[in-house]
Amino acid sequence: MIQDVVLVLTLVLMGALMAVFIVVAKSASTEVVEYAPVQKSAYSIRSKFFWVLLVASLIITMITTVDLPYAATHGDTSVAAIEIDVEGRQWFWALGEHEDIHAGDTVVFNVTASDVNHGIGIYDPSMRMLGQTQAMPGYANSLRLTLTDPGTYKLLCMEYCGLAHHAMISEIEVLGN
Amino acid sequence: MNNSTAIAPLPGSSRTAILVYLSISAIVFVLMMVFGTVMRMSQATWIGVNPDLFYQIMTAHGAGMVGISGLAGSVVMWYFLRRYVDLTVGILWANLGLFLLGVVLILGGIFLGGYAGGWTFLFPLPSNSMGLWGVSGAASFLIGLLLIGVGFLLLYLDVARAIIAKYGSLARSLGWPQLFAKSDAECPPAAVVAASMVLIVNIAGILAGAVVLVLIITNLFVPEFEVNPLLTKNLTYFFGHVFINATIYQAVIAVYEILPEYAKRPWKVNRVFLAAWSASTVMVMAVYPHHLLMDFVMPTWALVMGQVFSYLGGFPILVVTAFGALTLVYRSGIKWDMVSGLLFLSMFGWAVGVIPAVIDGTIAVNNIMHNTMWVPGHFHMYLTVGLVSMLFGFKFYVANLGEKTSGLDKVAFWLFAVGGVGLSLTFLLSGYNSVPRRWAVHLPEWVSYSGYASVVSALVVVTVIYFAVRFIAGLKGARLA
């Protein structure tokens, strides 16, 4: 799950940064030293820190931009998929006719809106979000997902759209093989 | 950094204006935090708030926090910048007057007119409420925002005039001769460099905001006047991103000016510092597409640029400002009191808030985190623990309360720190569990997260009320130079 990786990475990095701040704050009450040597060491560390961050950013960017979720919107039909037209309206999702979906099928949600901006989030049966896209009047975004588990998937509105935004929930069934 | 011997005495009108700004911002922060806590308690089902009122409160909370952060940040910048350039106090008052007039219209639009379209006013929601609010409510809100923008525009134009009059150009006030031409001339002070960056990005941001507001207001009264939703969304997020980030870039001047006094070490403006601020000038504007990563129809290059600049935008904060503060404090013998403590805490809040923000700027992550509670999780960290700490550190400095730090102050400080970090973590935990943001009513399985959030949110409110009372009660001893 991406969510698990994101949470662990976030907490580890936040914790490490907090530790640095605590150590430095506590150092203030230890022996006072001249600033020039501290600065010299700090600038050296900063230079290394900068390059580590830069290289890490470049590597992560290269890895994470190989497979972007935008292909289906920009005309990529190379992956066979069940297509479902979805139109967001205040405050429900109008789903077009579609064939039965079985676990493991790839689905493309062609999403638009007829009144205001909405956002569609696809939640798996355990209510973990699998992916999302915006639903905007006059535009169509195509969200391609593979639904691996059988069960009831929920479609939640992810862009604030007025009074019953929180009630804008639909369902699709994914059948077992 | 702070050459107090060269500082001219502060005229009475400037002194009054600054104290009025600071007092109003202290009170409004408390009120907006109460709104935030009410929302979390409602989501936790501890209290009953109807969805129509919830979304009105949400709109007021968002617009109010952005606005008051801008007002408070601008006066921190103004206070220090006037030590180096000749600013116009009448413009400072004019900005406050337009701000208050705008606030009246915004509150009227929300609580009398029923407007609940969010601070983002994403077109066409302001004109398509399904009967929840009318043209007058939406127009009142949007015109109120426009007036506030006009006030800030005047302020930043005056800042630009004053800086250019002293330094000759914004290139010089950003230190480009020292950065690019290896000039041996003394670098501009940090306050001048920061103010130059802020005025550039904020004038651009406010103008973009004004354009989108005028487009939507025109559509309200002349529905045949068609507006493109994707264009307005771009303009809204360019304005919103720039403006809220600029609040911190203004308030951080307090750290540059005050922390060295405490550490008895200089915060030297060097080429790395100048490079960081020039880079931030570009990146704060160029990064805004990361708010549109889920608008798949946007050009892919723009969205990838949003990710790249999300990463790079964290560099100046982490590598220069936060690192600079850590270096300044390390084994300095700094005396910890409410001023130095809050300013140091603010550096932590800003830097640590960058982490979940940058991670969410990754397109693959944004695909499962966008518009979940993860988003308020990161910005509550750098706005509550970062910005609010900066602002109250400055307020306590102005009110001369540092040396008068009491045991109760220390308790309040730590409760605020725990509450602020806890508030952010509860949002992040909800985001991890895919809870959408801006939902008045949560599904049963999500309610417990809001319960935890209500506790820490209430803790923040109580401690900030204490800070505000302490500041206002201490105004008689204010030192303004």
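Residues numbered from 1 in each chain as written. Chains lettered and ligands numbered in written order. Predicted model: local features only at pLDDT ≥ 70, side-chain atom pairs only at ≥ 80, totals over all residues. Heavy atoms only, no water.

This brings us to a nonpolar patch on the surface. Residue and element names in this part refer to chain A. Taken together, the side chains of V55, I59, M62 and I63 define a hydrophobic patch exposed on the protein surface, amounting to about 400 Å² of accessible area. With respect to the helices and strands, I63 occurs in helix α2 (residues 35-64). Since its relative accessible area comes to 59%, I63 is described here as exposed. (Patch = residues over 30% accessible without salt bridge, like charges linked within 9 Å, V, L, I, M, F, W, Y side chains within 5 Å. Areas by Shrake-Rupley, 256 points an atom, 1.4 Å probe, with all protein chains shown as cover. Salt bridge = Lys/Arg side-chain N within 4 Å of Asp/Glu carboxyl O. Helix = DSSP H or I, 4+ residues; strand = E, 2+ residues; numbered from the N terminus. Buried < 20%, exposed > 50% of the residue type's maximum accessible area, 1.4 Å probe, protein only.)

Bringing the domain arrangement of chain A into the picture now. According to the domain assignment, chain A consists of domain 1 (2-67) and domain 2 (71-175). Here the C-alpha centroids of domain 1 of chain A and domain 2 of chain A sit 39 Å apart. (Domains from an automatic or database assignment.)

A word on the state of the cysteines. According to the stated counting rule, one finds 0 disulfides over all chains in the structure shown. Not part of a disulfide, C161(A) finds its nearest cysteine sulfur in C157(A), a span of 3.8 Å. (Disulfide = S-S within 2.5 Å.)

Residues and elements named next belong to chain B. Its place among the elements puts I248 in helix α8 (residues 229-263). For the pair formed by I248 and A191, sequence separation is 57 residues and the distance between their alpha carbons is 13 Å. Residue contacts for I248: discarding those within four places in its chain leaves W350, Y382, L383, L387 and M390. (Contact = heavy atoms within 4.5 Å.)

Now for the layout of surface pockets. Empty pockets left among the atoms are what a rolling probe the size of a water molecule brings to light. Roughly 1,100 Å³ of volume is contained in the largest pocket. Along its surface, the largest pocket is lined by 38 residues, and L13(A), F49(A), L53(A), L318(B) and I355(B) are the ones closest to its centre. Those elements that provide at least two residues to the lining of the largest pocket are α1 (2-27) and α2 of chain A together with α10 (300-329), α11 (338-360) and α12 (363-369) of chain B. In terms of residue count, α2(A) provides more of the lining of the largest pocket than any other element does, 12 residues in total. Grouping the amino acids of the lining of the largest pocket by side-chain chemistry returns 32 nonpolar, 6 polar and no charged. The space that makes up the second largest pocket amounts to roughly 660 Å³. Around the second largest pocket sit 21 residues that line it, and A25(A), F344(B), L345(B), F413(B) and W414(B) are the ones nearest its centre. For the lining of the second largest pocket, the secondary structure elements donating two or more residues are α1 of chain A together with α11 and α14 (407-432) of chain B. Looking at the lining of the second largest pocket element by element, the count peaks at 6 residues for α14(B). Here the lining of the second largest pocket is built from residues that sort into 15 nonpolar, 3 polar and 3 charged. (1 Å grid on protein atoms, 1.4 Å probe; cavity = no way out; pocket = protein on both sides within 12 Å on 5 of 7 lines; lining within 4 Å. Points joined across faces, edges and corners; volume = space filled by probe spheres on them. Nonpolar A, V, L, I, M, F, W, Y, C, P; charged D, E, K, R; others polar.)

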